[in-house]
Amino acid sequence: MKQHPLKTERSQVSSSTGGITWDVLIAGGGPAGAAAGLHAARLGLKALIIEKDRHPRFHIGESMLPQTSRALRRLGIEPLIQALPHVPKYGASFALGNETSLQDFEFRTGLIPEDSRTLSIERAPFDKVLLNSAAAAGASVMEGHRIRRIHRLEAGRVELVLASPEGPDITVRGDHLLDASGQGTLVGHHLRTRRTLPDFKRVAFFNHFTGVARRPGVKGGYPLAVMCDEGWFWLIPLNEEKTSIGFVMNGRDAKRIPVDYPHALDWLIQKCPLVREQTREALSPETNRVTADFSYSCRPFAGPGFFLLGDAATFIDPIFSTGVCMGLMSALKAVDLLAGARAGRCSWPSAYREYDRYISSSSSAFFDLAHLYYRHAFRELFLAGTGPLQIHRAVISLLTGNVFPRPCWAIRWRVELFKLFVRLQPFFPLASRRPRFALLDAG
Ligand SMILES: Cc1cc2nc3c(=O)[nH]c(=O)nc-3n(C[C@H](O)[C@H](O)[C@H](O)COP(=O)(O)OP(=O)(O)OC[C@H]3O[C@@H](n4cnc5c(N)ncnc54)[C@H](O)[C@@H]3O)c2cc1C
């Protein structure tokens, strides 16, 4: 395995970065940054990952897609992840909050035959294993160092100023910046390209619970999405004891919750018959976590001196568990293009263009569905669980993460037809009508 002169113990790199110019500076050591560092180091690039926190640390984003597992396999670390406590995931369930029946979707019934297994897992150990793997492959890692600002951002000349916990600020230099700073959107802020999406002003309340009811067998591992007019709950089994529960809603409705945000989740659960029933015996910390305003896009996704990876590029909505998948896939693609351009196999402008296209065409397939998901008509059709022309199987394939570099034609035309059905459903019922469930108005 190639070792670089500055690769010492993690977090001891800081005092010695002085004169070196890195091939790639990577902002953030979450899944996207760690995967980029791992892949870059394997390709022989001198990579420095800068992470403000110290792993293991809590992070939201615990349910994976089959495509996420394929990316982990490509990175060569799937066995390390499988060795951590986790719950195998072969599908997902959806339901309305005022109903008792669940609609199950099995990945293996997707239109495109492929691996149908993935997992749900706590992010703290998952992210730590990824970052350790990057270091083991030869990437240098500085934890506990926050990137204070970008001093220079040009192709071949990038300078970052880091806040050091041990003393004065440090400047690090590199040829390119891979921005994997997540919701921090370092480059998006620097270039002022971060645009929040007006229809998606969302808030999420979440917590880890023990003692949540589960079904027997493999379906006990399915994440459950429970839908209400104002938003939706997730219930994600993480290991034998823990279940992650959260509620995503729009910010306007959140203002109508009569308790303070750190106590909102319990209040919301008590309002929803299905989730209340599942959590009858459950325990959780007294206060929940909160995050807001997580839907935005920072276009262009690449340009002179930078590539935006994972959440640093764009994030819309957690409904289809696409975040970590986008993080890993974008990291692999950005590093491949960067290595290709450095080796003269393509020009830099064409590498930037191809990357921008890759992110927009893969993510837009997810985002279109995420938009529709909040319509009751979508839910009526989706919960029907079946439909003509194998449309549901195409939607399932999309939800396994089969969107790279873009969904194939067999999926695309069916999903377009599905979108048309969603528009028609309010006028001509193509699937059975279901009563709406307004959680905030429930008794
Ligand atoms: C409510 C909610 C639920 C979600 N559920 C899921 C799910 O079930 N499945 C799923 O796949 N995704 C989910 N996501 C999305 C998922 O959390 C993210 O898409 C995923 O973590 C993106 O990975 P990343 O590496 O791009 O960013 P992150 O995981 O956020 O990593 C970014 C890293 O950069 C570091 N950083 C930030 N700024 C700086 C700085 N200035 N200097 C140094 N370091 C910095 C941070 O500390 C962090 O470690 C969810 C998101 C939300 C909001």
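Residues numbered from 1 in each chain as written. Predicted model: local features only at pLDDT ≥ 70, side-chain atom pairs only at ≥ 80, totals over all residues. Heavy atoms only, no water.

A. The nonpolar core, seen in detail. Phe94, Leu160, Leu178, Phe307, Leu309 and Tyr373 are the most contacted members of the largest nonpolar core, which has 125 residues in total. Broken down by element, the residue count for this core peaks at 13 residues, all from helix α9 (residues 323-342). Residues from two domains meet in this core; each of domain 1 (14-58 + 124-195 + 295-358) and domain 2 (88-119 + 198-292) gives at least three. Phe247, Ala254, Ile269 and Leu274 belong to the second largest nonpolar core, which has 27 residues in total. (Core = buried A, V, L, I, M, F, W, Y, C linked by side-chain atoms within 4.5 Å. Buried < 20%, exposed > 50% of the residue type's maximum accessible area, 1.4 Å probe, protein only. Helix = DSSP H or I, 4+ residues; strand = E, 2+ residues; numbered from the N terminus. Domains from an automatic or database assignment.)

B. Just helix α7 (residues 264-271), in detail. Considered for burial, the residues of α7 that qualify are Ala264, Leu265, Leu268, Ile269 and Lys271. The buried residues of α7 occupy one face: seen down the axis, they fall within an arc of 160 degrees. Packed against the buried residues of α7 are β12 (202-210), β14 (231-237), β15 (242-250) and α8 (273-278). (Arc of directions from axis to C-beta. Contact = heavy atoms within 4.5 Å.)

C. Just the pairing of strand β13 (residues 224-228), in detail. The element β13 is largely enclosed, with a buried count of 5 among its 5 residues. Relative to β14, β13 is paired through 5 bridges, and the arrangement is antiparallel. The residue of β14 that forms the bridge with Ala225 is Trp234. Counting the residues in the hairpin turn of β13 and β14 gives 2 residues. (Pairing = 2+ DSSP bridges.)

D. Region of interest: the site of the ligand. Around the ligand, 32 residues are found, and the nearest of them are Glu51, Arg57, His59, Ser63 and Asp311. Separating an oxygen atom of the ligand from a backbone N or O atom of Ser321 is a distance of 3.4 Å. Between the ligand and Gly323 there is a distance of 3.3 Å, counted from an oxygen atom to a backbone nitrogen or oxygen. Protein burial of the ligand: of its 1,000 Å² of free accessible surface, 95% is covered by the chains. For the shell around the ligand, the secondary-structure elements that each account for two or more residues are α1 (31-42), β8 (146-154) and α9. Each residue belonging to the shell around the ligand can be placed in one class, and the counts come to 12 nonpolar, 12 polar and 8 charged. (Near = heavy atom within 4 Å. Polar contact = N/O pair within 3.5 Å; in protein donor to acceptor, adjacent residues only side chain to side chain. Areas by Shrake-Rupley, 256 points an atom, 1.4 Å probe, with all protein chains shown as cover. Nonpolar A, V, L, I, M, F, W, Y, C, P; charged D, E, K, R; others polar.)

Take it as geometry only, folks, not as evidence of what the structure does.
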